Amino acid sequence: MLVQTVLDHREIAGVGCVLYNDVGKWFVTTPARITLRKSAGALRIDCQKEGTGWAYEKVDSKVDGNLWGNLALTAGVGYFIDKNTGAGYDYPATLTVVMHADAQRDGLPPPAPGVTLY
């Protein structure tokens, strides 16, 4: 997956991001390519660059064609294996995270409990 960050329609380099789902957590400085473990759960992205901006996004996983093929070919057994291992799900190949200026953070409600912030 390619992770890139933009602010005001321009790509911003050197942004620290944490990507996490229910099976792991990965740290990256954008722009970068990263290999992560797929899951049926959503991928959450928390990015920040001091003096520039921040972002907090969620990307839902999508069912790929292999999941349905395994369902048909293995009489349902492959479906449960793919669902539990994340093999039957995909995230986008390119993830463009839209940053918000530091000034926009004021006045927003605090993030939900358990959310990782810098």
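Criteria and thresholds
Residues numbered from 1 in each chain as written. Predicted model: local features only at pLDDT ≥ 70, side-chain atom pairs only at ≥ 80, totals over all residues. Heavy atoms only, no water. Core = buried A, V, L, I, M, F, W, Y, C linked by side-chain atoms within 4.5 Å. Buried < 20%, exposed > 50% of the residue type's maximum accessible area, 1.4 Å probe, protein only. Helix = DSSP H or I, 4+ residues; strand = E, 2+ residues; numbered from the N terminus. Contact = heavy atoms within 4.5 Å. Pairing = 2+ DSSP bridges.

Peer 1: So what exactly am I meant to see when it comes to the nonpolar core here?
Peer 2: The nonpolar side chains of a soluble globular protein tend to be buried, and buried together. Counting residues in each nonpolar core, the largest one holds 21 residues, and the members touching the most others are M1, L19, L36, L43, I45, C47 and L95. Every element with two or more residues in this core is listed here: β1 (2–7), β3 (16–21), β4 (24–29), β6 (43–49), β7 (53–59) and β10 (94–98). At three residues, β6 tops the list of elements feeding residues into this core. Setting aside residues no more than four positions away along its own chain, L19 makes contact with M1, V3, G24, K25, W26, V28, L36, L43, R44, I45 and L95.

Peer 1: Which parts of the structure should I look at to understand the pairing of β4?
Peer 2: As a general feature of sheets, a regular strand has side chains that alternate between the two faces. One ladder, built from six bridges, connects β3 with β4; its direction is antiparallel. Bridge pairing in β4 links C17 to V28. Linking β3 to β4, which pair antiparallel, is a turn of two residues.

Peer 1: What exactly am I supposed to notice about unusual backbone geometry here?
Peer 2: Comment: phi is negative for the bulk of residues other than glycine, and the bulk of peptide bonds are trans. Cis geometry marks the peptide bond from T30 to P31; its omega dihedral reads -10 degrees. Tracing the chain through its elements places P31 in the loop between β4 and β5 (32–33). One non-glycine residue, D8, lies in the positive phi region at around 55 degrees. Summarising the element assignment, D8 is placed in the loop between β1 and β2 (10–12). Under the relative-accessibility criterion, D8 is labelled exposed at 58%. Unlike most non-glycine residues, H9 shows phi in positive territory, near 65 degrees. As for its position among the elements, H9 is in the loop between β1 and β2. Using a relative accessible area of 85% as the deciding quantity, one classes H9 as exposed.

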